[in-house]
Amino acid sequence: MNNIDLSLYLVTDKSSDVEKFLKTIEEAIKGGVSVVQIREKTSETLDFYNLALRVKEITTKYNVPLIINDRVDVALAIDADGVHVGQSDMPCDVTRKLIGKDKILGVSASTISEAKKAQEDGADYIGTGAVFPTATKDDAPSITKQDLKKVVESIDIPVVAIGGINHNNAFELIDTGIAGLSVVSAIMNAEDPRSASEELLKIIHKK
């Protein structure tokens, strides 16, 4: 398995202000973000490609893995560290063949059966949620804390919790056995992304 620190996993949210977007990512990494995933569901391919190249400059500078959501073509084009796919995206086993054995492959899974299949098909980690209500991914199925624990216990690869996680509720998930927290708004919309990341890391490291 690819060895990756999943403790604080930042998923980006689309922004019309590219410079602010890039600054937020860099400050978040300075605060302790260990993985960055670019999620651009509505961007044109060229826009996504150009943005991903600029983000990669930052993640490479700080030696933080860059994951591309859904778009295997963009990930390969910029030589990103990996790809994250959902249940309605490119199948996990096909994605693995396309990106090769050395790239990181994450899969969204909300059930034990989905998680087990992803592991069998070559996933390096699982993203499970939504653990709390979220506005950034309103199509995500909800999952209880108990079910999150069951998913963690059912597979041998790491699980990252995602969905509505912030400074007020993150502590509720620390005893579930997860490898880390995946956060969007709590960092991307923070006035001080660096401090927001630092505070979340304090919660994570209390486990």
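Please read these numbers as outputs of a predicted model, since none were measured by experiment. (Residues numbered from 1 in each chain as written. Predicted model: local features only at pLDDT ≥ 70, side-chain atom pairs only at ≥ 80, totals over all residues. Heavy atoms only, no water.)

Caption draft 1: Geometry of the environment of Glu120. Mapped onto the elements, Glu120 comes out in helix H5 (residues 112–120). For the pair Glu120 and Cys92, spaced 28 residues apart in sequence, the C-alpha to C-alpha distance is 9.3 Å. (Helix = DSSP H or I, 4+ residues; strand = E, 2+ residues; numbered from the N terminus.)

Caption draft 2: Region of the structure containing the pattern of salt bridges. Summed over the entire model, instances satisfying the criterion amount to 14 salt bridges. Residue Asp70 pairs with Lys41 through a salt bridge whose shortest N-O separation is 3.6 Å. A residue pair is termed long-range when its members are at least 10 positions apart, and Asp70 in the loop between strand E3 (66–69) and helix H3 (72–78) and Lys41 in the loop between strand E2 (35–38) and helix H2 (45–61) qualify at 29 residues. Residue Asp124 pairs with Arg96 through a salt bridge whose shortest N-O separation is 2.9 Å. (Salt bridge = Lys/Arg side-chain N within 4 Å of Asp/Glu carboxyl O.)

Caption draft 3: Broad picture of unusual backbone geometry. For the bond running from Gly129 to Ala130, omega is 10°, close enough to zero to count as cis. Along the chain, the position of Ala130 falls in the loop between strand E6 (125–129) and helix H6 (145–154). One non-glycine residue, Asp70, adopts positive backbone phi at about 75°. In this model, Asp79 sits at a positive phi of 55°, which is unusual for a non-glycine residue. With respect to the helices and strands, Asp79 occurs in the loop between H3 and strand E4 (82–85). Residue class for Asp79 comes out partly exposed when judged on its relative accessible area of 45%. (Buried < 20%, exposed > 50% of the residue type's maximum accessible area, 1.4 Å probe, protein only.)

Caption draft 4: Broad picture of a nonpolar patch on the surface. On the surface, Leu76, Met90, Val94 and Leu98 cluster together into a nonpolar patch covering about 310 Å² of accessible area. In this structure, Leu98 sits in helix H4 (residues 92–99). For Leu98, a relative accessible area of 43% translates into the label partly exposed. (Patch = residues over 30% accessible without salt bridge, like charges linked within 9 Å, V, L, I, M, F, W, Y side chains within 5 Å. Areas by Shrake-Rupley, 256 points an atom, 1.4 Å probe, with all protein chains shown as cover.)

Interpretation in functional terms is not warranted from these geometric data alone.
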